[in-house]
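Observations on the model geometry
Residues per chain are reported as follows:
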Amino acid sequence: MRVLCLAGGVGGAKLADGLQQILAPGELTVVVNTGDDLERHSLAICPDHDTVLYTLAGIADPTQGWGVAGETWQVMGQLGRLGAQTWFRLGDRDLATHLFRTERLRGGARPTEVALELARSLDVPSRILPMTDDAIRTRVRTTAGWLDFQDYFVRLHQEPDVLEVQFEGAEAASLTPEVRDAIRSAEAIVVAPSNPVVSIGPILAVPGLLAEIVAARGRGVPAIGVSGILGGKALRGPADRMMTSLGEEASALGVARRYAAAGLLDVFVLDRQDEDLSAGVRALGLEVVVTQTVMTDAGSRAALARDVLGAAAWAFAVAAEERLEGGNAPGGGSLQ
Ligand code: FO1
């Protein structure tokens, strides 16, 4: 089954890993958020891409989720002694990725080409594609003023409230042929449990990308989303506080509302603790799957991936039945 997964950082990387575990080599394509990208010490850094890359290569730091396992910090230590700013920490092994990427980009390679080269070199059996080759930068208006994303996220520890979000450069960005072809050839589309505002939001802001997904859904390709907010709390990161300060409901239902309004999904996966939100999600026109969504180890990543693809197969069968019946809906079923 050819699966396309939209993902941000750590939560997205974990589900992508689960999908990679259960799919055949080459069947998974992950489209990653590049709105968090930045330039540090004259190097091109792509945090969400690299989190997905290291996770799918099996070399991610297991505790912090980003960066490389067994990392050392010699370069940062020395940079600190020289008086450079070191609040955005780049480990010694991680630096090799940024040096390689920066050199290739300065030599004229496209970000997509570099991403494919990095995955090949690290023996990743999946494709990891930047959402676009053009620069889109997430900026947030906060109680501390307008900030670049990593200033808000890392330097200020996500403390200021977010009042507005902008994806600078999005209007002028183009869909790459690789992302377009991956959507067109996908047999299932998965929206990972990443931050719906600043991880999935920038991906959907790439002109034409959402329209391709909507067209795929129109051809009967099921799109399944997983909530990263459980029991009203984000498993990781500021998604819950961000949704509240943006005037949205900080719950799985709030996430489902966002995705339903965009026309992104057929099925929404709720955690068992949010089972009581099922009726509200169904009222948005989405089918509901309730399962265990917390991914604590390799086994639980694969188990969630199995449930998600099971839901995809089920949604595909429902759509086929609807087509056979000439558009008559078989009537709100659910997979629990
Ligand atoms: N996150 C931090 O909390 N502190 C850091 O110093 C930091 C450095 C860093 C370097 C490379 C990289 O690929 C990721 C890094 N991250 C760091 C993670 C990153 O800022 C965020 O997790 C994402 O941008 C949000 O998805």
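You'll find the structure just up there.
Residues numbered from 1 in each chain as written. Predicted model: local features only at pLDDT ≥ 70, side-chain atom pairs only at ≥ 80, totals over all residues. Heavy atoms only, no water.

Considering the nonpolar core
Our working rule: To qualify as a nonpolar core, a set must consist of buried Ala, Val, Leu, Ile, Met, Phe, Trp, Tyr and Cys residues joined through side-chain atoms within 4.5 Å. Three exposure classes are used, based on accessible area relative to the maximum for each residue type with a 1.4 Å probe and protein chains only: buried under 20%, partly exposed in between, and exposed over 50%. Think of it this way: any DSSP run of H or I at least four residues long counts as a helix, any run of E at least two long counts as a strand, and we number them from the N terminus. For this analysis, residues touch if any pair of their heavy atoms sits within 4.5 Å.
If you look at the biggest cluster of nonpolar residues, it comprises 54 residues, and the most contacted ones within it are Leu-6, Ile-189 and Phe-268. Of all the elements, helix α11 (residues 252-262) adds the most residues to this core, at five residues. Look past the residues within four positions of Ile-189 in its chain and what remains in contact with it is Leu-4, Ile-183, Ile-213, Ala-216, Val-221, Pro-222, Ala-223 and Ile-224. Counting 39 residues, the second largest nonpolar core, distinct from the first, contains Ala-16, Leu-304, Ala-305 and Leu-309.

Section: the site of the ligand
Threshold: The nearness test applies per residue and asks whether one of its heavy atoms lies within 4 Å of the molecule or strand. Any N or O atom pair separated by 3.5 Å or less is treated as a polar contact, with the protein-specific requirement of one donor-capable and one acceptor-capable atom, and with residues adjacent in sequence counted only for side-chain atom pairs. Accessible surface is estimated by sampling points in the Shrake-Rupley manner with a 1.4 Å probe; for residues, cover comes only from the protein chains shown. Any residue that is not Ala, Val, Leu, Ile, Met, Phe, Trp, Tyr, Cys, Pro, Asp, Glu, Lys or Arg is counted as polar, Gly included; the first ten are nonpolar and the last four charged.
As a structural note, the neighbourhood of the ligand is formed by 15 residues, with Asp-36, Pro-47, Asp-48, Arg-89 and Gln-150 the closest of them. At 2.8 Å, a side-chain N or O of Asp-36 approaches an oxygen atom of the ligand. Contacts to the ligand include Asp-48, whose side-chain N or O atom sits 2.8 Å from an oxygen atom. Taken by itself the ligand offers 530 Å² of open surface, and the protein chains cover 89% of this. Considering every element that reaches the shell around the ligand, the biggest residue donor is helix α6 (residues 149-155), with four residues. When grouped by side-chain class, the residues that make up the shell around the ligand number eight nonpolar, two polar and five charged.

Remarks on α11
For an α-helix the count is 3.6 residues per turn, leaving residues at separations of three or four pointing the same way. The complete set of buried residues in α11 reads Ala-252, Leu-253, Gly-254, Val-255, Ala-256 and Tyr-259. Those residues of α11 that are buried lie in contact with β9 (188-191), α8 (200-204), β11 (229-230), α10 (239-245), β13 (267-271) and α12 (278-282). You can read the cap of α11 off the contacts: a side-chain oxygen lies 3.1 Å from the backbone nitrogen of Leu-253, and it is on Ser-251. Backbone geometry just after α11 places Gly-263 at a positive phi near 75°.

Remarks on unusual backbone geometry
Positive phi values are uncommon outside glycine, yet Ser-42 reaches one of about 65°. Structurally, the position occupied by Ser-42 is in the loop between β3 (38-40) and β4 (43-45). Of note, His-157 is a non-glycine position whose phi angle comes to about 50°, a positive value. Under the relative-accessibility criterion, His-157 is labelled exposed at 53%.

Observations concerning the side chain of Asn-33
Its place among the elements puts Asn-33 in the loop between β2 (28-32) and β3. Polar contacts involving the side chain of Asn-33 include one to the main-chain amide nitrogen of Gly-35, which spans 2.7 Å. Here the side chain of Asn-33 touches Val-198 through a polar contact of 3.3 Å, landing on its backbone oxygen. Here Asn-33 is in contact with Ala-7, Gly-8, Asp-48, His-49, Met-131, Val-198, Ser-199, Pro-202 and Ile-203, once residues within four sequence places are set aside.

Comments concerning the pairing of strand β10 (residues 223-226)
Definition in use: Strand pairing follows a simple DSSP-based rule, namely that at least 2 bridges must link the two strands.
Along β10, one buried face is formed by Ala-223 and Gly-225 and the opposite face, lined by Ile-224 and Val-226, is buried too. Inspection of the sheet shows β9 paired to β10 by three bridges, in the parallel sense. Residue pairing for β10: Val-190 is matched across the bridge by Ile-224. As judged from the three bridges shared by β10 and β13, these two strands associate in the parallel manner. Note that in β13 the partner of Val-226 across the bridge is Val-269.

Focus on the packing of helix α7 (residues 177-185) against helix α9 (residues 209-218)
Counted only if it meets this: Inter-axis angles, ranging from 0 to 180 degrees, are taken between N-to-C directions of lines fitted to C-alpha atoms, where helices are fitted over the stretch in contact. Note on angle classes: values under 35 degrees are labelled roughly parallel, values over 145 roughly antiparallel, values of 65 to 115 roughly perpendicular, and the remainder oblique. Left-handed describes a crossing whose near helix is turned anticlockwise from the far helix through less than a right angle; right-handed describes the clockwise counterpart.
It is the contact of α7 with α9, at a shortest axis distance of 9 Å, that shows an interaxial angle of 15°. Relative to α9, the element α7 lies roughly parallel. With respect to the hand of their crossing, α7 and α9 are arranged in right-handed fashion. Judged by residue contacts, Val-179, Arg-180, Ile-183 and Arg-184 of α7 engage Leu-209, Glu-212, Ile-213 and Ala-216 from α9. Tallied by class, residues from the contact of α7 with α9 come to five nonpolar, no polar and three charged.

Focus: the environment of Gly-169
As for its placement among the helices and strands, Gly-169 is situated in the loop between β8 (162-168) and α7. Classification of Gly-169 by relative accessible area gives partly exposed; the value is 29%. Separated by 35 residues in the primary sequence, Gly-169 and Asp-134 have C-alpha atoms spaced 7.9 Å apart. Excluding anything up to four places from it in sequence, Gly-169 contacts Ala-135 and Ile-136.

Focus: helix α5 (residues 111-121)
Three or more residues of α5 are buried, namely Thr-112, Val-114, Ala-115, Leu-116, Glu-117, Leu-118 and Ala-119. Immediately downstream of α5, the backbone of Asp-123 shows phi near 60°, a positive value.

Focus: the pattern of salt bridges
Heads up, the condition is: By definition, a salt bridge exists where a carboxyl oxygen of Asp or Glu is found within 4 Å of a side-chain nitrogen of Lys or Arg.
All chains considered together, the criterion is met by 14 salt bridges. Residue Asp-133 pairs with Arg-110 through a salt bridge whose shortest N-O separation is 2.6 Å. With Asp-133 in the loop between β5 (127-130) and β6 (137-142) and Arg-110 in the loop between α4 (92-106) and α5, this pair connects stretches of sequence that are 23 residues apart. The partner of Arg-258 in a salt bridge is Glu-248, and the shortest N-O contact between them spans 2.9 Å. Residue Arg-258 is located in helix α11, and its partner Glu-248 is located in the loop between α10 and α11; the two are separated by 10 residues in the primary sequence.

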